Amino acid sequence: MKKILTIVLAVLLLDSCSKMLEEHPRAIASETFYKTPDEVVDAVNSAYASLLEGGYTTYFTNLAACADNVYAKGSLAIIDEYQGFSTSNITNMGGVWKQLYLAIRNANLVISNLAKNTNLPDDQKRQFIGEVKFVRAFCYFNLVRLWAGVPLRTEDNMDEIDLKRSSKDEVYDLIVSDLKFAEENLPDAPRMLGTASKWVAKTVLADVYLTQENWAKSMEEAGDVIASGKFSLVKVSTPEDFEKIYGADVLTSSEEIFYFKYNSQHSWSLMSFFHHDGDGYYPHGPNYFAFYTTSDNYFYEHWDNNDLRKQHDFYKWDIGLGDNTFLFRKYVDQDGSTPPSNDWPIYRYAEVLLIYAEAADRAEKGPTPEAVECLNKVHRRAYGYDPDAPSPVDFNMVNYNEESFFNLVFREKGYETILECKRWLDLLRTHQAASMIKKTLNIDVDTAMYLFPIPITETDFNKAIDPVKDQNPGY
Amino acid sequence: MGRKKSTIWGLAAIFLLFSFVQVNACSLQDSVSVNLQAKHITIANVFKTLQQQTGFIVFYNNDILNDQQRVDVNFMHAGVRQVINYIISGQGLTYTIKDRFILLQRKSAETGQLKTDLAAVKVADIPVDTLITGVVKSESGVLLAGVSVGLKGSSLGTITDEDGTYSLRVQDMQGSLMLSYVGYDGKEVSIKGRQRIDVVLKPSVSSLNQLVVVGYGTQKKSDLTGSLSSIDGKALSAFPTTNVARALEGRSAGVYVQQNSGAPGSGIQVRIRGTNSIQGSNEPLWIIDGFPADPNILNPSDIESMEILKDASATAIYGSRGANGVIIVTTKRGKAGKTLFEFNGSYSVQRVRKKLDMMNATQYAGLYNAFWESTHGVDYFSQDQIQSLGKGVDWQDLIFRNAPTQNYSFNVSGGNAKSQFSAGASYFDQQGIVKNSDYRRIGMRISANHDISDKFSVSYNVILARVDNNPTADNLDLLFSALTAPPTVGPYLNDGEYRNLNTVYPFSPDNTINPAAYIKEKSNKQFANNEMANLSLIYTPIEGLSLKVSGNISNTDQRSDSYTSTKYPNSSGSASVSAVNSIHLNSDNIITYTKRINKNDISATAALTYENFTTKALNASGSGFITDVTETDNLGSANTFATPGTSYSNWTLLSYLGRINYAYADKYLVTVSFRADGSSRYSKGNKWGYFPSGALAWKFTKEDFMKGVNWITDGKIRVGYGLTGSTAIDPYYTLNMLQSGKVPFNNDLYTYFAPGTRLPGNLKWESTTQTDIGLDLGFFDNRIRIMADYYIKNTSDLLNPVQLPQSIGYDYTVRNVGKIQNRGFDFELDAKLLDRNLKVDVGANLSLNRNKVLKLYGNQDIQGTVYNLIVINDYANLLQEGKPISAFYGYKFNGLDDQGHYVYKDMNNDGVISEADKTWIGNPNPKFIYGFTADMQWKSFKLNFFIQGTQGNDILCFSLINQNYRYYQGFNTTADVFYDHWSKDNPSAKYPAIDNILSTKMADNFVYNGSYLRLKNVQLAYDLPTAEMGLKWIGACEAYISAQNLLTLTKYPWWDPEVNSKGGDNSINQGIDYYSYPSAKGFTIGIKLSF
C-alpha cells in the first residue's frame, strides 16, 4: 500500500514538475512587444539611447583633439603629434562604433517589427519608421566619415553575423534614402526636443550633400530649413550672452535644430573634460582639463580679439604648460550642486546658415546675395549686432570670388563651431587637414589618421572582413 | 530467588571491562532502539543484547542483581530506559546514565563504585584497602564523566562522576589502572603507591571509525570510496577571521582559497581542484547542516566539523550543484550528559604588514625637477625650496592605523538520552587597518534534537547572524591616492579646508582624491540580517529504515547605504541606498535503509528535493542636500533623484537522487549514485540533467597476504568516476527579454525598451566528468596517515561566451561549446611524531593542479577585461586553446632604447610592434599550494604553528605600473624610481627616462613571481592549573598568545602576494594586483574556558 502511495505521489510530482520548472520573469518578451503606439514609442526612444550615453563622448574627445584649433592632454595628447592614433584612442573609438551600431540595431528592430504590425495605421507607422530611419542615417553618416565603407546593417540582414564592408557610395545611398524617407514622413515639430523632425532630417541631409559635394542639393535642403522661418539666431550683446545658447539652464533656444538633450538626472559627461578644479566653471567635477589652446596657435592668433565669441570661448589658465595656455569656456556649469545639464549641440541654425553659404558659393561658382546674407547673420551676431540688420562688420559680396568666399565661410564656421566637434570633419571634407596642420604645427600628418581602423572587435568576429586586406589604409 | 554465587558474574565483569575497549568503536550517533523478543533469557544476555544494539553498557555488582535470573522479554523499538526499567522493576534498584554507561545501584547506594564479590571475599583476607582518587580530563581540559577506571588484572572498576572524579579501593598499590572512554585512547597508569592519580586522556589516534558527513547522510570514514577532507572546527577558529572560507586557507589539499583584498569582510575566491567554468560560478557549494547556505552566516566557533567533497563520486549526489566541489559544514551538536559551558575570547591588534617605500618630499622634488628639466628645460623647485621640504608627509601613515579585533563566543550544550541541545552566541568586531573600514558580526545559534518516541525524532536548527560591514576604505581610489599624493603637502589647507591634490603643482594629476576627505566624508555601510532555520522529522518504522522529512528557510535582508557629505570636495551631498531580499526554500525528503546480511553491508539512500530561490532588489539615490545630518535617511530631501530601480529573479531546482553503498567483508566497497536535476533556467527540452557516479574501494590491509605486514595498519585504494554539472547561467538567460532604460528628451527622462547586449539562445547543462584514483594509508598503528589522490576533470558543453561582431548590435551570445581540463594531485599527511612528555603532531597538505583550455567556440580566444590604466590600455588575461586558463598575454620587454624608453620584442620580426607581437608572459595559476601545521605540547605548554603558501604563480602588478610610470602627472612613486631611472649615466636603469613620453605596454616586465611562504599563525598556549588555583568549577582554562602573518617569504614587490584584485566566482581576470587593500600582521591574546 505504502509502495503504491509512493509511486502515485512520484508520478503526480513528475507531472506537476514541468510546470514548476517554467520561468515567469517579470519582464517584457521581445516577441510580444512593438504592438501598441506606446510600446513603439518606447522602442523608437531606444534608438537614440546609446548615442546619449557617456561612452559616446569619445566621438567628441578624439575628433576635437584632431582639430587644428584645439590641443589635448593625457592619452589624447598623442593625437596632436599627428603621427597616428594610440591604441587607447583606437580602442575608445571602437566603443563609439559599438554605440552607433547599437542604435542602428534598435532602429532596425523597430523597422522590421513595424512591418509585421497590423494594429497601427500606416501613416503612424511611417512616422515612427521615419524617426528611426533618421537615427540610422545619422549613425551611418558618422560611421562613413570616420571609417569609410562599413558593414551596412538594415532590417533585411540584421541577423547575419558575417557581413562585409559596403562601399562608401552604398552607405551614402542608404543615408540619403533614409533621410529622404524621414523628411517626407516626419512632422514639422519634433515629437520631443531631442528627437527628429522634418527640419532636423533636412539639416542632416544638407550636411550629407555638402560632404558629398552635391552643392545644389545641399543648398536646396539648407535653403528649405532657412525658408521655413522656424529658426533664428539668438541675439547677443556681451560675451556672457552666449550662455543663452550653451548654458546649463537653457532648455531650448530659437537656434536649436538637433541637440542631445541632457538634464541633471541624465547629465552630460563631456563636461568633465573642459575645466580645471581651480577655475570654478565646473565645481561639480571631476575636471580633467583635457582641451586647451595657446596664444601662439595659428587659429587663435589670427582671430579678431573684438569677436565676442573669442572673448567668450577662452580663458587663460596655466595647467603646467605655460602662462599662454587657454582653456575653453564654451560649456560651463557653475552650480556645483547638481550634475551638468548642458545640452550637446549637434546641429545649430548658425551651422545651417553656413552650410547654405558654402553650398551656394560652390553651386553658383561664387557668392550669391543670399549666401552672403547667411554668412553676415552669423558674423553680425558674433560682434553683438542684430543678426537680421545690416551692420558695420558686414562682408560685401563684391570683394569675394568663389574661393575667397569659401575661405571666409570656412573660417567663420571654425570660429562659430569651435569645440563643437565640426572642425576636423570639415578639414577632411574640404581636403585641408594636411595643409592646416602643417601651417599650425609644421607637422606632416600621417594620412592614416584620416580614418580610424575598423575595430579589432569587429574584424576578429566578422568573418566577412579580412583583418588585413579589408582594413583601412595605414593600419 | 536463589542466589548462585559463582564465578560466572565475575567473568561477566571482566567481560564488561573488555567491552569498554570494544565500545570505543561505538559511535554516539547510533540508533538507540532495542528490539528483542525472547523467553526465558538471562538478564546478563538482555544486557549483552542491549549493548550490541545500542552501545549502552550496564554496570552492576552481582551482589545487587542476579544476572543469571531468567526473564521473558518483548521489546520492539524500545528505548534504553524502557528496557532497564523493565529489568530492574521490583528489585529496589535505581540507575544513572552517563554517556553510554548505565550504572545500576541500590536505591540507597552512595557511590558508583563497583566491587566484585571476589574482591569482597578478599576484603576479609586483606583488611587494608587504599582509596585512590583522581580526576580525568581531556587534553583540552574538559572533565570527562563516565570514564571507566579499572584495576589491571582484576575485575575491580568504577566510572568517573560528573566532575570527572573517581575513587577506587584497591589493595595492590603497585598495580596499574586501566582507563577507557569512548572516542579516546585507552591508558594504563601505574599506581606506584600514589593515592591521588589525575589522568589526561587523548582523543583516539585512529579517527577512521569517526563518522563523516557526506551528501544526504553520514558514513564511516573508513568506508569512504570518494575523496573527502575533514577539518576540525578547532583548526578553523585558531585565529580570528571574518569568514569561514578564509579560515580554510591552507587547511586542505585541493582547496585554493584566495582573498581579493585584505579588507575586513572582503570577497574570497575558493577553487576546489581548479576552475571549471567560464560563464558559471566556480565557487563550491556550501551546505550548512544539510542545506545550501552562505558561509558568511557562521562564526568559526559555531563549527563542529567541516567536510570537503572533492571528487565526483562524492559530489555527484549534488548533481548540477556539485561540479565545483561541496563543502559540508556541521554546526555544534549537544551531547547527553553534564551541561557544558565554553567561552572563548580574544583580542588582536593588526597593522599593515608592509609599508611601501615611497619617495619623501626631497626625493619627490628631485624627481620632478628632473621631469621639468626634460620637458621645460628648467628646474621647478629651487634648491632652497628642496632644502626646506625635508621628509615631508608619509600619506600611508595618514590612512593606516593599528586596528583592534575582538572575538568572543559562548557555547552551552548538554541534554539527556532523549533530548540534546547546543546553543551559541558570538561577537566578532574587526577594525580594518585602513581607517574607516570595519566588520562586525553577531551570531546566535541553537540546535535541538528530541526523541518523541522510539520511532519518531525531531531536530531543529536555527542560525541568526547580523553582519555590519563598512568597506568604505576598500577602495582603489583611496589607496591609489594615498600613494600618489605629493609628500610635500598635507591633506589640509591653512583654513582647514581639504586640499585639492589635483592643483598643487602644474604637473599634478587630474584624478587623485584627498584621502583624508575620503576617509572622513564618505561612507559605505552595509548590513545583512541572515536567518537560516530548518526542521526535520525522522521516522524509523523498523530497524535500519529511516525516513527524514525536512524543510529549510534561509532568508537574507541586505542593505547598503552610501553617503558622500557636503564637505567632500565638489560635493553637494549624495546618498544612495540599495536593499536586497532573498529567500531560499528547501524541502528534502530522504529515505535511508541499512542492512547487514552476513558479510554484506548495504546502505541505500533515495531522496526527492526541491529548491526555490527568489531575490528582489531595490535601489534609490539622490544628490544635493542642505544638511549632512540626515545622511541616507531622508532621500526625499535631495535636490535631484536618479531613476529608482527594482528587480526580481526566481529559480527552481527539482531533484531526484539515489545512492547505494555496498561493502563486502569490510574489504571491498562500492558506491553508486545517481541524480536527476530539473532546472527552471534552461530552455524547454533541456531542463533535465542526469548525473551518475560510481566508485570502488579495496581495503587491501584486510587481506590475508597483508597479515604479516604490521607496519601498515590501514590501506585502501579508491577509484571513482562521476558526472557533475553546473547551472552556469542566470535565470531567464535563454529568454529574449527586453530591458528598460531612460533617455533624456525635452528636459525630462523617457523610458525606452530594447534587447540587451547578449543575444539569447538555446542552452543546455554544462557538465564535468571526474576520475579520481586515491590511496589512503596508515602506518604504525595509524600514527602516520597519508591520503593521496590523482584526478582528471573534464568539463564539456562548456557555456562559452561567443563574441559577436559589434556591428550586429549584440556584444556576445552564449553557446554550449568548449572544454576545460583540470588534472592534479592532492596529498595530505598527518603524523604523531612524538608522544612522550613532549608531544609533536604535524600535518601537511600539498596540491598541484594543472588546467588547460581544450576547446573554445570556433577556436576563438576569450580576452579578459580591457583595463584602462592610461599608461596601458589593454587586457591582461586570455583564454586560448591548449593554454592554462587566464594566463597573461602581452609583450616581451626588450630593454631601454638610447632615449631611455622601453622597447619591446618584435616577435614576428615585421619591424613594427603590434598586437601580433604579443605572447604568453605569465601564469597566475600556482604550480602547487601547500599548508603545514605543527602542534607541540610539553607539560602545560602548547606551541602551534601554521605555515601556508603558493609556489610558481605570477602576479601582474597593475598598481606598480600605475604608480611608477606616470611621473609626468605628478604621481609620487616608490623611492627606487628616484634612484634608478634612465639617464645618460645610467643607461641600463630599471625605470625609463623621466619625461612625458609613455613607452609602457602590457608586458612581462610587470609580471612578478607571486610565490610566498607565510607563517600564517603561531600560537603559544598555557593550561592554567585551575584546580590548584582553587577554581574547581572551571574545567579547563587555556590562555594563549598568537601572531598572524608574522613572517612572509616572498619576492613580490608590492604590498602583499596574497592578492587577486579582480577575482570573483567566474572571473577570468586572475592574478591581478590593482591597489587591493593590503594584508595585515596581527598579534592576539586570548582565553578559552570550559566549565
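Here, every reference points to the structure presented above.
Overview of the structure. Predicted model, so just to flag it, every value in this text is computed and none were measured.

Here is what the cut-offs are and how they apply
- Counting of residues starts from 1 at the beginning of each chain's written sequence and follows it residue by residue.
- Chain letters and ligand numbers both follow the written order, the letters beginning at A and the numbers at 1.
- Selection of residues for local features in this predicted model requires a pLDDT of at least 70, selection of side-chain atom pairs for listing and counting requires 80 or more, and totals for whole chains, interfaces and linings are taken over all residues.
- For side-chain calculations, the full set of non-hydrogen atoms in the structure is used, while hydrogens and water are omitted.
- By the criteria applied, helices consist of DSSP H or I runs no shorter than four residues and strands consist of E runs no shorter than two, each listed in order from the N terminus.
- Remark: exposure states derive from per-residue accessible area (1.4 Å probe, protein chains only) relative to the maximum for the residue type, with buried under 20%, exposed over 50%, and partly exposed in between.
- Note on contacts: a residue pair is in contact if any heavy atoms of the two residues lie within 4.5 Å.
- Accessible surface area values rest on a Shrake-Rupley calculation with a 1.4 Å probe, where residue burial reflects the displayed protein chains alone.
- For any pair of parts, buried area is found by adding up, for both, the accessible area (1.4 Å probe) each one loses once the two are put together.
- Here, a salt bridge means any Lys or Arg side-chain nitrogen found within 4 Å of an Asp or Glu carboxyl oxygen.
- Distance and chemistry together define a polar contact, namely a pair of N or O atoms within 3.5 Å, with one atom able to donate a hydrogen and the other to accept it when in protein, and with adjacent residues in sequence counting only for side-chain atoms on both sides.
- Just so you know the grouping, Ala, Val, Leu, Ile, Met, Phe, Trp, Tyr, Cys and Pro go in nonpolar, Asp, Glu, Lys and Arg go in charged, and all remaining residues, Gly too, go in polar.
- We treat two strands as partners when DSSP finds at least two bridges between them.
- Among buried residues, those of type Ala, Val, Leu, Ile, Met, Phe, Trp, Tyr and Cys that are joined through side-chain atoms within 4.5 Å constitute a nonpolar core.
- By this rule the span expected of a helix is its residue count minus one, scaled by 1.5 Å.
- Think of it this way: a Phe, Tyr or Trp ring, Trp meaning its six-membered ring, pairs with another when their centres are within 6.5 Å, and the plane angle makes it stacked under 30 degrees, edge-to-face over 60, tilted otherwise.
- For a lysine, the NZ atom is tested; for an arginine, the CZ atom; a charge sits over a ring if that atom is within 6 Å of the ring centre and within 35 degrees of the ring normal.
- In this analysis an axis means a line fitted to C-alpha atoms, helices contributing only their contacting stretch, and an angle means the value between N-to-C directions, from 0 to 180 degrees.
- Less than a right angle of anticlockwise turn of the near helix away from the far helix marks a crossing as left-handed, whereas a clockwise turn marks it as right-handed.
- Candidate patch residues must exceed 30% relative accessible area and have no salt bridge, after which like charges are joined if within 9 Å and Val, Leu, Ile, Met, Phe, Trp or Tyr side chains if within 5 Å.
- Residues counted as positive are Lys and Arg, residues counted as negative are Asp and Glu, and His and the chain ends are not counted.
- Every charge is mapped onto a representative atom, which is NZ of Lys, CZ of Arg, CG of Asp or CD of Glu.
- What the arc covers is the set of directions going from the helix axis to the C-beta atoms.

Observations regarding the overall build of chain B
And step 1. Looking only at helices and strands, chain B has 14 helices and 60 strands in total.
And step 2. Burial status across chain B gives 56% buried among its 1091 residues.
And step 3. Residue pairs in contact within chain B that sit at least 24 positions apart in sequence constitute 70% of those at least 6 positions apart.
And step 4. As presented, chain B carries roughly 43800 Å² of accessible surface, and 54% of it is formed by carbon and sulfur atoms.

A short note on the interface of chain A and chain B
And step 1. Contact residues are listed per partner, giving 77 residues for chain A and 65 residues for chain B.
And step 2. Of the roughly 6000 Å² buried between chain A and chain B on both sides combined, carbon and sulfur atoms contribute 59%.
And step 3. The largest contributions to the chain A side of the interface with chain B come from Leu-21, Glu-23 and Arg-105 of chain A, which together make up 13% of the buried area.
And step 4. Taken together, chain A and chain B are joined by one salt bridge.
And step 5. For Lys-98 of chain A, the salt bridge is made with Asp-811 of chain B, and the minimal N-O distance between the two is 2.9 Å.
And step 6. At the boundary of chain A and chain B, one finds 20 residue pairs in polar contact (both at pLDDT 80 or more).
And step 7. If you list the elements that add at least two residues to the side of chain A that touches chain B, you get α1 (2-20), α2 (37-49), α4 (87-116) and α17 (456-459) of chain A.
And step 8. For the side of chain A that touches chain B, the element with the most residues is α4 of chain A, which contributes eleven residues.
And step 9. Within the side of chain A that touches chain B, the residues separate by chemical class into 35 nonpolar, 26 polar and 16 charged.

Let's talk about the sheet that holds strand β5 (residues 325-328) of chain A
And step 1. The antiparallel open sheet is built from four strands, whose spatial order is β1-β3-β5-β4 (chain A). Strands at the two margins of the open sheet, each flanked by one partner only, are β1 (71-72) and β4 (314-316) of chain A.

So, the nonpolar core
And step 1. Counting 149 residues, the largest nonpolar core has Phe-134, Trp-147 and Phe-291 of chain A as the members making the most contacts within it.
And step 2. For this core, the element with the most residues is helix α5 (residues 122-147) of chain A, which contributes 14 residues.
And step 3. Counting residues in hydrophobic clusters, the runner-up holds 74 residues, among them Tyr-364, Ala-365, Tyr-991 and Ala-1080 of chain B.

A word on α4 of chain A
Every α-helical turn comprises 3.6 residues, leaving residues that sit three or four positions apart pointing alike.
And step 1. Here α4 of chain A contains 30 residues, and its C-alpha end-to-end distance of 43 Å stays within 8% of the 44 Å for a straight helix at 1.5 Å per residue.
And step 2. α4 of chain A sits mainly inside the fold: 22 of its 30 residues count as buried.

As for the packing of aromatic side chains
And step 1. For the coordinates displayed, the defined rule picks out 99 aromatic pairs over all chains.
And step 2. Their ring planes at 85° and their centres at 5.9 Å tell us that Phe-258 of chain A and Phe-260 of chain A sit as a pair that is edge-to-face.
And step 3. The exposure class of Phe-258 of chain A is buried, given its relative accessible area of 2%.
And step 4. Residue classification places Phe-260 of chain A among the buried residues on the basis of a relative accessible area of 1%.
And step 5. A cation sits over an aromatic face here: Arg-1014 of chain B above Tyr-1012 of chain B, 5.5 Å from the ring centre.

Describing the packing of helix α7 (residues 198-211) of chain A against helix α12 (residues 349-363) of chain A
Residues and elements named next belong to chain A.
And step 1. Between α7 and α12, whose axes approach to 10 Å, the crossing angle comes to 35°. For the pair α7 and α12, the crossing hand works out as left-handed. Only Glu-351, Val-352, Ile-355, Glu-358 and Ala-359 of α12 make contact with α7, whose side of the interface consists of Thr-203, Ala-206, Asp-207 and Leu-210.
And step 2. Residue classes in the contact of α7 with α12 are distributed as five nonpolar, one polar and three charged.

Here's the deal with a positive patch on the surface
Residue and element names in this part refer to chain B.
And step 1. Side chains of Arg-823, Arg-850, Lys-852 and Lys-927 sit close together on the surface and give a patch of like positive charge.
And step 2. Its location among the elements puts Arg-850 in strand β44 (residues 838-855).
And step 3. A relative accessible area of 36% places Arg-850 in the partly exposed class.

What to know about the environment of Ala-993 of chain B
Residues and elements named next belong to chain B.
And step 1. Here Ala-993 is to be found in the loop between α14 (975-979) and β56 (1007-1009).
And step 2. Taking the C-alpha atoms as reference points, Ala-993 and Trp-982, separated by eleven residues in sequence, lie 4.6 Å from one another.
And step 3. Those residues within four positions of Ala-993 in sequence are excluded, and the remaining contacts are Gln-899, Gly-900, His-901, Tyr-967 and Trp-982.

Observations regarding helix α16 (residues 433-441) of chain A
Residues and elements named next belong to chain A.
And step 1. Of all the positions in α16, only Ala-433, Met-436, Ile-437 and Thr-440 are classed as buried. Down the axis of α16, the smallest arc covering the buried residues is 95°, so these residues share one side.
And step 2. Structurally, α16 contributes buried residues whose contacts are with α3 (57-66), β1, α10 (298-301), α14 (402-416) and α15 (423-429).
And step 3. Looking one or two places after α16, you find Asn-442, whose phi comes out positive at around 55°.

Thoughts on the environment of Asp-446 of chain A
Residues and elements named next belong to chain A.
And step 1. By secondary structure assignment, the location of Asp-446 is in the loop between α16 and α17.
And step 2. Residue Asp-446 is classed as partly exposed on the basis of its relative accessible area, which comes to 27%.
And step 3. As for Asp-446 and Gln-83, which are separated by 363 residues in sequence, their C-alpha atoms are 5.1 Å apart.
And step 4. Setting aside chain neighbours within four positions, we find Asp-446 in contact with Tyr-82, Gln-83 and Gly-84.
And step 5. Side-chain polar atoms of Asp-446 contact the backbone nitrogen of Ala-448, separated by 3.0 Å.

Observations regarding the environment of Gln-311 of chain A
Residues and elements named next belong to chain A.
And step 1. Position of Gln-311 among the secondary structure elements: in helix α11 (residues 308-313).
And step 2. In sequence terms Gln-311 and Thr-238 are 73 residues apart; their C-alpha atoms lie 9.1 Å from each other.
And step 3. Ignoring any residue separated from it by four or fewer positions in sequence, one finds Gln-311 in contact with Pro-239, Asn-305, Asn-306 and Arg-329.
And step 4. There is a polar contact of 2.9 Å between the side chain of Gln-311 and the backbone oxygen of Asn-305.

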